[in-house]
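Structural features, examined
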Amino acid sequence: MALPPFDPHWDTVALTVTLEGAYVWAVARLGPRVLPDGEQAATRRQISAYTAGVLTLLVAAGWPIHDLAEHYLFSVHMFQHLLISLVTPPLMLLGMPEWLLRRIVQPRVVNRIVRTFARPFVALVVFNAVIVVTHWPAAVNAMLTHHWLHFFGHAVLFLSATMMWWPVVAPLPEMPALSYPGKMVYLFLQSIVPTVPASFLTFGRTRVYHFYTTVTRIWGM
């Protein structure tokens, strides 16, 4: 398949470098200052998980996936959404040491938002509402037409997905996770709503997303 022209997407590079750089600084510099002597700021597993999450975000929002998704193929667009919502958030949460995440959510406003939207029922409803909106034909066509709106949609998807994964990953003991049976039911419920747009795309006989009928075709090589 012919790939679109190379574009480094410096905004994406800057965002991911900032996320990784802030994490490395916190683990290397801040942790030793606030933790008792001899206590490890982050384990290798946590560092690897967080870095893998940031790299996944870079892949999802960088060339060529971003270009294929935004200008050519809806299938790649959905793959991009899967990376942003189902891969990046849990990896980044798993990579967060308790002391660091606790400092991030320490501000009263942030703490209140997390405690509200990370509740299982609220997180389930909000995340699935975002899934419905971001698959709605009018919303998809608008996001693909206006770059700033597409960026906003991805940001909302990432944030809502982070809250959705919170009850499963449970990075803080004061915000406990669901039990293992509860996690199974919770994740099963998360899989129901996405089957609705999937059914329209699979069995529909008309074009759902007008934008992709106007773009240049990419043929296999």
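Conventions and cut-offs
- Residues numbered from 1 in each chain as written.
- Predicted model: local features only at pLDDT ≥ 70, side-chain atom pairs only at ≥ 80, totals over all residues.
- Heavy atoms only, no water.
- Axes fitted to C-alpha atoms, helices over the stretch in contact; angles between N-to-C directions.
- Helix = DSSP H or I, 4+ residues; strand = E, 2+ residues; numbered from the N terminus.
- Parallel < 35°, antiparallel > 145°, perpendicular 65-115°, else oblique.
- Left-handed = near helix turned anticlockwise from the far one by under 90°.
- Contact = heavy atoms within 4.5 Å.
- Nonpolar A, V, L, I, M, F, W, Y, C, P; charged D, E, K, R; others polar.
- Expected span 1.5 Å × (residues − 1).
- Phe/Tyr/Trp six-rings, centres within 6.5 Å; stacked < 30°, edge-to-face > 60°.
- Buried < 20%, exposed > 50% of the residue type's maximum accessible area, 1.4 Å probe, protein only.
- Lys NZ or Arg CZ within 6 Å of the ring centre and 35° of its normal.
- pLDDT = per-residue confidence, 0-100.
- Salt bridge = Lys/Arg side-chain N within 4 Å of Asp/Glu carboxyl O.
- Patch = residues over 30% accessible without salt bridge, like charges linked within 9 Å, V, L, I, M, F, W, Y side chains within 5 Å.
- Areas by Shrake-Rupley, 256 points an atom, 1.4 Å probe, with all protein chains shown as cover.

Helix-helix packing is characterised by the crossing angle of the two axes and by the distance between the axes. Running from amino to carboxyl end, helix α4 (residues 74-94) crosses helix α9 (residues 147-169) at an angle of 45°, the nearest separation of the two axes being 8 Å. With respect to α9, the axis of α4 lies oblique. For the pair α4 and α9, the sense of crossing is right-handed. Along its contact with α4, which presents His77, Gln80, His81, Ile84, Ser85, Leu86, Thr88, Pro89, Pro90, Met92, Leu93 and Leu94, the element α9 presents His150, His154, Leu157, Phe158, Ala161, Thr162, Met164, Trp165, Trp166 and Val169. Broken down by class, the residue content of the contact of α4 with α9 amounts to 14 nonpolar, 8 polar and no charged.

In a regular helix each residue adds 1.5 Å, so 16 residues correspond to 22 Å; helix α7 (residues 120-135) covers 22 Å between its end C-alpha atoms and thus fits that length. Structurally, α7 contributes buried residues whose contacts are with α4, α6 (108-117), α8 (137-145), α9, α10 (180-190) and α11 (195-203).

Taken as a whole and judged by the stated rule, the model has 5 aromatic pairs. Residues Phe74 and Tyr212 carry aromatic rings whose centres are separated by 5.7 Å and whose planes lie at 70° to one another, so their mutual orientation is edge-to-face. Of this pair, Phe74 sits in helix α4 while Tyr212 is found in the segment after α11, placing the two residues 138 residues apart along the sequence. Phe74 sits in the buried class, given a relative accessible area of 15%. According to the relative accessible area criterion, Tyr212 is buried, its value standing at 8%. Grouping aromatic residues by their ring pairs yields a cluster made of Phe74, Tyr209, Phe211 and Tyr212. A cation over an aromatic ring shows up here: Lys183 above the ring of Tyr180, its NZ or CZ 4.8 Å from the ring centre.

Residues of the protein chain with pLDDT of at least 70 account for 98%, and the chain-wide mean is 91. By mean pLDDT, α11 is the weakest element of the protein chain at 76, and helix α2 (residues 44-61) is the strongest at 98.

Using the criterion set out here, one finds 2 salt bridges in the structure. With its nearest N and O atoms 3.8 Å apart, the salt bridge here joins Arg102 to Glu98. Pair noted here: Arg102 and Glu98 are both in helix α5 (residues 98-104), with a separation of 4 residues, about one helical turn. On the basis of relative accessibility, which here comes to 32%, the residue Arg102 falls in the partly exposed class. Of the charged contacts in the structure, one is a salt bridge between Glu174 and Arg102, with a shortest N-O distance of 2.9 Å.

Next up on the list: a nonpolar patch on the surface. A surface patch of nonpolar side chains, amounting to about 360 Å² of accessible area, comprises Val185, Phe188, Leu189 and Ile192. Residue placement: Phe188 occurs in helix α10.

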